[in-house]
Amino acid sequence: MKSGIIRDVLVESLSESHVTVLERLSDPKYDEDVAGELKMKATVVRTLLNDLHENSLVEYQRTKNKKTGWYTYLWVRREDKIKDYVQGYLKTHLLELNSRLEDETKNVTFQCNCTRVPYNVAIETNFVCPSCKKEYAECDNSEIIDEIVSEVSRLDSLLEQT
Ligand SMILES: [Zn+2]
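Residues numbered from 1 in each chain as written. Predicted model: local features only at pLDDT ≥ 70, side-chain atom pairs only at ≥ 80, totals over all residues.

Caption draft 1: Layout of the environment of R46. Relative to the assigned elements, R46 resides in helix α4 (residues 42–54). Residues R46 and Y60, 14 residues apart in the sequence, show an inter-C-alpha distance of 12 Å. (Helix = DSSP H or I, 4+ residues; strand = E, 2+ residues; numbered from the N terminus.)

Right under this line is the structure:
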């Protein structure tokens, strides 16, 4: 597992702040201690921790302070889940991109001044846009296809390396 790639994908899917918090949890820590170390507000750190928790990347132990009645949370990083999360993120995006790629290569689309429509919509209005009154012209989507193809190969190569 190449940690640089894992980190990059985590930043892309969550944010730099989420990853910074995650990196602090090599040992179990209280949220206020993480906040202190990062010189961030405890409320901000808690929000970030909750996001990480929703994605199963951290877990916590809750204990009640008998004097104050308040709960404290001891957070720990789930090392076993990080690789799954990263691979899941990449796979989901690859599926989306591949289905967009299929649409772009299979369907002819038309363009006016205001929008882009598929053939079956353009033919209904006799190839004139009802909004801007311009004639639809066949859309050259080769650039879009190139972009999707290069994004697919980028994510494929990341997935291979995780
Ligand atoms: Zn239009």
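This is not the end of the story, as more comes after the structure.
Caption draft 2: Spatial organisation of helix α2 (residues 16–24). Within α2 the residues assigned to the buried category are H18, V19, V21 and L22. Along α2, the residues classed as buried sweep out an arc of 160 degrees about the axis, all on the same side. Facing away from the buried side of α2 by over 90 degrees, the exposed positions are E16 and E23. Contact partners of the buried residues in α2: α1 (3–13), α3 (31–38), α4 and β3 (71–77). (Buried ≥ 20, exposed ≤ 12 C-beta atoms within 10 Å, placed from the backbone. Arc of directions from axis to C-beta. Contact = placed C-beta atoms within 7 Å.)

Caption draft 3: Structural view of the confidence of the model for the chain. Of the residues in the chain, 99% reach a pLDDT of 70 or more, and the chain-wide mean stands at 94. For the chain, the element scoring lowest by mean pLDDT is strand β5 (residues 116–118), at 91; α4 scores highest, at 97. (pLDDT = per-residue confidence, 0-100.)

Caption draft 4: Spotlight on the environment of G4. Residue position: G4 is located in helix α1. In this structure G4 comes out as exposed when scored by C-beta crowding, with 8 C-beta atoms within 10 Å. Between the C-alpha atom of G4 and that of T162, which follows or precedes it by 158 residues, the distance is 9.9 Å.

Caption draft 5: How the structure looks around the domain arrangement of the chain. Structurally, the chain comprises domain 1 (3–77) and domain 2 (83–161). Taking only C-alpha atoms, the centre of domain 1 and the centre of domain 2 are 37 Å apart. Each partner contributes to the interface: domain 1 provides 7 residues, whereas domain 2 provides 6 residues. Its residues assigned to classes, the side of domain 1 that touches domain 2 shows 5 nonpolar, 2 polar and no charged. (Domains from an automatic or database assignment. Nonpolar A, V, L, I, M, F, W, Y, C, P; charged D, E, K, R; others polar.)

Caption draft 6: Quick peek at the pairing of β3. With 2 bridges joining them, strand β1 (residues 29–30) and β3 adopt antiparallel strand pairing. Bridging from a neighbouring strand, K29 pairs with W75 of β3. Summarising the sheet, strand β2 (residues 58–64) and β3 pair through 7 bridges and their orientation is antiparallel. Within β3, the position partnered with Y60 by the bridge is W75. With antiparallel pairing between neighbouring strands as the criterion, β2 and β3 make up a hairpin whose turn holds 6 residues, including G69 at a positive phi of roughly 80 degrees. (Pairing = 2+ DSSP bridges.)

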